[in-house]
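Summary of structural features
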Amino acid sequence: DPYAGDPPRHPALKVNSQRPFNAEPHPELLTENYITPNSLFFTRNHLPVPNLDPDTYRLHVVGPPGGQSLSLSLDDLRQFSKHEVTVTVQCAGNRRSEMTKVKEVKGLEWTTGAISTAHWAGARLCDVLAQAGHHLSETEAHVCFEGLDSDPTGSAYGASIPLARALDPEAEVLLAYEMNGQPLPRDHGFPVRVVVPGVVGARHVKWLGKVSVEPEESYSHWQRRDYKGFSPSVDWDSVDFDLAPAIQELPIQSAITQPRDGETVESGEVTVKGYAWSGGGRAVVRVDVSLDGGLTWQVAELDGEVQRPRKAWAWRLWQLQAPVPAGQKELNIVCKAVDDSYNVQPDTVAPIWNLRGVLSNAWHRVHVHVAP
Ligand code: MTE
Ligand code: MO
């Protein structure tokens, strides 16, 4: 069993697959804290968790032609100035289970919990690339990352981001060695992972082994043959993965974490809670909540850190306390968020359905009964 060496996990996680391990916190737990505790942070592994010795760990940074390649120990990495940032990581497949209800898709059945927020610390990728002699070139280039987790054929997890983002100090891309003040837990990339603020989880490569600058995107399966969006008309016979761009920044997202679908709430007053986040550093400026399926709306109160313009890397938690209209036997609660580019969420799932079940960001709906 290649998974026999995987670490122990928190029993409160809802497990979507055991081997490889994929799990999300239950909704109420997810928004109990603005910063997700490490043990509850959702986990998305494609392969067994590698067991890496921090004393012998080396990060290989390939230099430019004629330049200097680097082999960095954990201590070497700590010599770069330490940068800290609060970042939400969301899997492209978050809320996939709602797409499955429209039509079958291929992928793990995530509900609303394939998203979490941590305070990360590490070296800036731009500083490390500069030390290896990399500069923004005229030509299109990509920074490719390779994990130290691999399948039985020896092929590793990999992904890439554009060089321009990697070299932009304002983009705050990190080679992180701390998560909420602790060394990274094994499930989250110990000892070093990439954190790419505002970008889909798939590019935040864990157990980082190698960084290189290439003229092309990573040739990894997960960059080229997965994590792309398609028209609802495209099926597995007609799909051409070369025709769609790899997902990088994610669209505006929000979901209700309390109450739960099917729950019975007290009459009188209802408290609705949830999260909202947008990719690319776009700030959430508003969350609208409806108790009547979208006929009328109320504006929720936003909690959590207000980050700098164009650098809103972390989610906002939100809540609404509202009277339950007299005589109501049930409520159709809906939420939708707006970001500072005035991007909004689509109202239904069917028009954004895609065969891989990614980018599922329609209005989130929860149906509850009202206690008599
Ligand atoms: N990095 C490696 N090396 N192997 C992986 O399987 N999964 C990716 C990304 N980085 C993955 C990886 C995906 S798809 C996501 S959504 C995030 O890690 C999840 O990060 P987390 O498990 O810390 O939540
Ligand atoms: Mo993911």
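Some remarks on the site of ligand 1
- Near ligand 1 you find 19 residues, and of these F42, D149, H188, R193 and K206 are the closest.
- At 2.6 Å, a backbone N or O of F42 approaches an oxygen atom of ligand 1.
- Separating an oxygen atom of ligand 1 from a side-chain N or O atom of K206 is a distance of 2.5 Å.
- Protein coverage of the free-state accessible area of ligand 1, which is 530 Å², stands at 100%.
- Listed by contribution, the elements that provide at least two residues to the shell around ligand 1 are strand 3 (43–44) and strand 8 (142–150).
- Classifying every residue of the shell around ligand 1 by side-chain character gives eight nonpolar, seven polar and four charged.

Looking at the pattern of salt bridges
- As enumerated under the stated definition, the model contains 18 salt bridges in all.
- Between D6 and R9 there is a salt bridge, with the nearest N and O atoms lying 3.1 Å from each other.
- Judged by relative accessible area, D6 falls into the buried class, the value being 14%.
- With a relative accessible area of 22%, R9 lands in the partly exposed category.
- Ionic pairing is found between D75 and R78, a salt bridge with its closest N-O pair at 3.2 Å. Taken as a pair, D75 and R78 lie in helix 2 (residues 74–79) at a separation of three residues, close to a single helical turn.
- It is possible to trace a salt-bridge network through shared partners that takes in R165, E249, R282 and D339.

Here's the deal with unusual backbone geometry
- Residue P20 follows R19 across a cis peptide bond; omega there is -5°.
- Along the chain, the position of P20 falls in the loop between strand 1 (14–17) and strand 2 (22–24).
- The omega torsion across F190 and P191 is 5°, close enough to zero to call that bond cis.
- With respect to the secondary-structure elements, P191 resides in the loop between strand 11 (182–183) and strand 12 (193–195).
- In the Ramachandran plot, E172 falls in the positive-phi region, its phi being about 55° despite a non-glycine side chain.
- Along the chain, E172 falls in the loop between helix 5 (163–167) and strand 10 (174–179).

Notes on the environment of E84
- Mapped onto the elements, E84 comes out in strand 6 (residues 82–90).
- Residue class for E84 comes out partly exposed when judged on its relative accessible area of 45%.
- Along the primary structure E84 and E172 are separated by 88 residues, whereas in three dimensions their C-alpha atoms are 8.9 Å apart.
- Ignoring any residue separated from it by four or fewer positions in sequence, one finds E84 in contact with H119, W120 and A121.
- Side-chain polar atoms of E84 contact the side chain of H119, separated by 3.0 Å.

Description of the domain arrangement of the protein chain
- In terms of domain boundaries, the protein chain breaks down into domain 1 (14–243) and domain 2 (253–370).
- Here domain 1 and domain 2 have C-alpha centroids that lie 27 Å from each other.
- Facing 45 residues of domain 1, the contacting portion of domain 2 comprises 36 residues.
- Across the domain 1 to domain 2 interface the summed buried area is about 3,700 Å²; carbon plus sulfur atoms make up 58%.
- Of all residues in domain 1, Y34, R95 and M99 give up the largest surface area on contact with domain 2, accounting jointly for 21% of the area buried on that side.
- Where domain 1 packs against domain 2, one counts four salt bridges.
- Taking the shortest distance from any N to any O, the salt bridge between K311 and E172 comes out at 3.6 Å.

Notes on the nonpolar core
- Membership of the largest hydrophobic core comes to 51 residues, with the highest contact counts inside it found for L77, L125 and L208.
- When residues of this core are assigned to domains, at least three map to each of domain 1 (14–243) and domain 2 (253–370).
- Setting aside chain neighbours within four positions, we find L125 in contact with V143, F145, I161, A166, V173, L174, L175 and V211.
- Grouped together as the second largest cluster of nonpolar side chains are 22 residues, A276, V284, L331 and V368 included.

Description of the side chain of K336
- Structurally, K336 is set in strand 21 (residues 330–339).
- A relative accessible area of 16% places K336 in the buried class.

Describing the sheet that holds strand 14 (residues 253–258)
- Across the sheet, four strands lie side by side as 14-16-20-19; this open sheet has antiparallel pairing. At either end of the open sheet lies a strand with only one pairing partner, and these are strand 14 and strand 19 (301–303). Going from strand to strand, the sheet's axes swing by 30° on average, the running direction of each strand aside.
- In the sheet, strand 19 pairs with strand 20 (residues 316–323) via three bridges, with the strands oriented antiparallel. In the sheet register, E301 faces strand 20, and the bridge partner there is Q319.

The rules behind the values
- Residues numbered from 1 in each chain as written.
- Chains lettered and ligands numbered in written order.
- Predicted model: local features only at pLDDT ≥ 70, side-chain atom pairs only at ≥ 80, totals over all residues.
- Heavy atoms only, no water.
- Near = heavy atom within 4 Å.
- Polar contact = N/O pair within 3.5 Å; in protein donor to acceptor, adjacent residues only side chain to side chain.
- Areas by Shrake-Rupley, 256 points an atom, 1.4 Å probe, with all protein chains shown as cover.
- Helix = DSSP H or I, 4+ residues; strand = E, 2+ residues; numbered from the N terminus.
- Nonpolar A, V, L, I, M, F, W, Y, C, P; charged D, E, K, R; others polar.
- Salt bridge = Lys/Arg side-chain N within 4 Å of Asp/Glu carboxyl O.
- Buried < 20%, exposed > 50% of the residue type's maximum accessible area, 1.4 Å probe, protein only.
- Contact = heavy atoms within 4.5 Å.
- Domains from an automatic or database assignment.
- Buried area = accessible area lost by both parts, 1.4 Å probe.
- Core = buried A, V, L, I, M, F, W, Y, C linked by side-chain atoms within 4.5 Å.
- Pairing = 2+ DSSP bridges.
- Axes fitted to C-alpha atoms, helices over the stretch in contact; angles between N-to-C directions.

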